[in-house]
Structures are given as structure tokens and as C-alpha cells.
Amino acid sequence: AALVDKVAQHLEATGEQARLDAARDLIGLAEVAEAPAVRLAVQRRLVHARPEVRAAALHVAGGLARLGDAPSAAAVFAAFGDADESVRRAAALALGELGGEELPAAAAGIVADAAALGLRDPAWQVRAAAACAIERLSKASSVKKQAAESAVCKLLQDENAEVRKA
């Protein structure tokens, strides 16, 4: 737990690369039986005052969710309600990382709902990230193809060209 706390402190670094490195290292620690300590460290950063810290914490939460951690998946979903656009974009990016054959069927519906939230976001960057997430999720056997196709149709009608390209 002490190592996790030390690494988690770097989620609060001013440099983006340091935050990304810390996120990657925390996911690695979670993979080798430190998941409860990592989850606790991340939960504290998900409510941090600085949006870049919350966004870095979401990267880790997405990694934990991919490992089957339901509270972390819920945290990714909840981040779509964040006031900061960069945090909502990080949530959409984290969703895209959840895709794959290993995605439990029970989680697929929640993930699809979260992606749909991202598609309705006022910020085009969030909608574009959600579009990429849906594309990745549609490759998972447990995500309903019909829901993904419906989302893609909405994307093709988006007002922003960057979202349509995504």
C-alpha cells in the first residue's frame, strides 16, 4: 500500500507525462494484487480540485474496470457528469479501453449507456472520444451491435466534422 500511495502522488504532478506514467504504473500494480489499494488511491483523486488530476485518475479507473473492478467502472460512468470537459473526455477515452471479448455481459449495457452520454455532450472533443469508444466497444461480442450501429448513425449527423471523422 505504501508503494501505491507513493506512485499515486504522481497523479497530482504538474507534468502530463508524469501523470500518465503514474497511471500506467498504478494499473500495473493493480494487476499484481494491489487493486484495493490502487482503487482507494484513485478514489481520492477522482474528487481532486484540479481537473487534470481527475482525468489521470480516470485513466487508472478505466484500467481497474477492465480488470473487473465494478466501483471503478461506476466512477468512469459518473465522470460524465463532471463540469470539466477534459474530465468528461477522459471518461470517454477510458470507456474505449474497456472493450474486448472479456467485457462481461452485465457491464456491456452500462458501458453502452455511458458512451451514449458522451455522444450527447456539448463539447465536440467529448463526442469524438465517445465515438472512438463506441467503435472499440462495437468489436466486443458482449456489446449489442444494434446499439453501436444506432450510435454511429447519430455520429454521422453531428454538427462537428471532427466528430463525424472519428
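Mind laying out helix α5 (residues 85-96), listing which residues take part and the relevant values?
For α5, built from twelve residues, the straight-helix expectation of 16 Å at 1.5 Å per residue is met to within 8% by its first-to-last C-alpha distance of 17 Å. Residues of α5 that are buried include every one of Val87, Arg88, Ala90, Ala91, Ala92, Ala94, Leu95 and Gly96, and no others.

Break down the environment of Arg24 for me, citing the residues and quoting the values.
In this fold, Arg24 is placed in helix α2 (residues 16-45). Taking the C-alpha atoms as reference points, Arg24 and Val7, 17 residues apart in sequence, are found 10.0 Å from one another. One polar contact links Arg24 to Asp21, side chain to side chain, over a distance of 3.2 Å.

Can you explain the pattern of salt bridges? Please cite residues and give values.
Evaluated as defined, the whole model comprises eight salt bridges. One salt bridge in this structure joins Arg44 and Asp5, with 3.2 Å as the shortest N-O distance. You can see Arg44 sitting in helix α2 and its partner Asp5 sitting in helix α1 (residues 2-8), a full 39 residues away along the chain. On the basis of relative accessibility, which here comes to 33%, the residue Asp5 falls in the partly exposed class. For Asp82, the salt bridge identified is with Arg54, shortest N-O distance 2.9 Å. Highlighted residues: Asp82 in the loop between α4 (70-78) and α5 and Arg54 in helix α3 (residues 51-66), separated in sequence by 28 residues. Comparing Asp82 with Arg54 shows no difference in burial state: the two are buried.

Talk me through the nonpolar core; I want residue IDs and the actual numbers.
The biggest cluster of nonpolar side chains holds 44 residues, and the ones touching the most others in it are Leu26, Val38, Leu58, Val60 and Leu95. Only α1, α2, α3, α4, α5, α6 (105-119) and α7 (124-137) provide two or more residues apiece to this core. The element that contributes the greatest number of residues to this core is α2, accounting for ten residues. Setting aside chain neighbours within four positions, we find Leu58 in contact with Leu46, Ala75, Val76, Ala79, Val87, Ala90, Ala91 and Ala94.

Describe the confidence of the model for the protein, naming the residues involved and giving the relevant values.
Predicted coordinates in regions of low pLDDT should not be interpreted in detail. Across the protein, the average pLDDT comes to 82, with 79% of residues at 70 or higher. Within the protein, the element-level pLDDT minimum falls on helix α8 (residues 145-156), averaging 62, and the maximum on α3, averaging 92.

Can you explain the side chain of Ser72? Please cite residues and give values.
Among the structural elements, Ser72 can be located in helix α4. Looking at Ser72, its side chain comes within polar contact range of the side chain of Asp69, at 2.5 Å. Aside from chain neighbours lying at most four places away, what touches Ser72 is Arg39, Ala61, Leu64 and Ala65.

Parameters and conventions
- Residues numbered from 1 in each chain as written.
- Predicted model: local features only at pLDDT ≥ 70, side-chain atom pairs only at ≥ 80, totals over all residues.
- Heavy atoms only, no water.
- Helix = DSSP H or I, 4+ residues; strand = E, 2+ residues; numbered from the N terminus.
- Expected span 1.5 Å × (residues − 1).
- Buried < 20%, exposed > 50% of the residue type's maximum accessible area, 1.4 Å probe, protein only.
- Polar contact = N/O pair within 3.5 Å; in protein donor to acceptor, adjacent residues only side chain to side chain.
- Salt bridge = Lys/Arg side-chain N within 4 Å of Asp/Glu carboxyl O.
- Core = buried A, V, L, I, M, F, W, Y, C linked by side-chain atoms within 4.5 Å.
- Contact = heavy atoms within 4.5 Å.
- pLDDT = per-residue confidence, 0-100.

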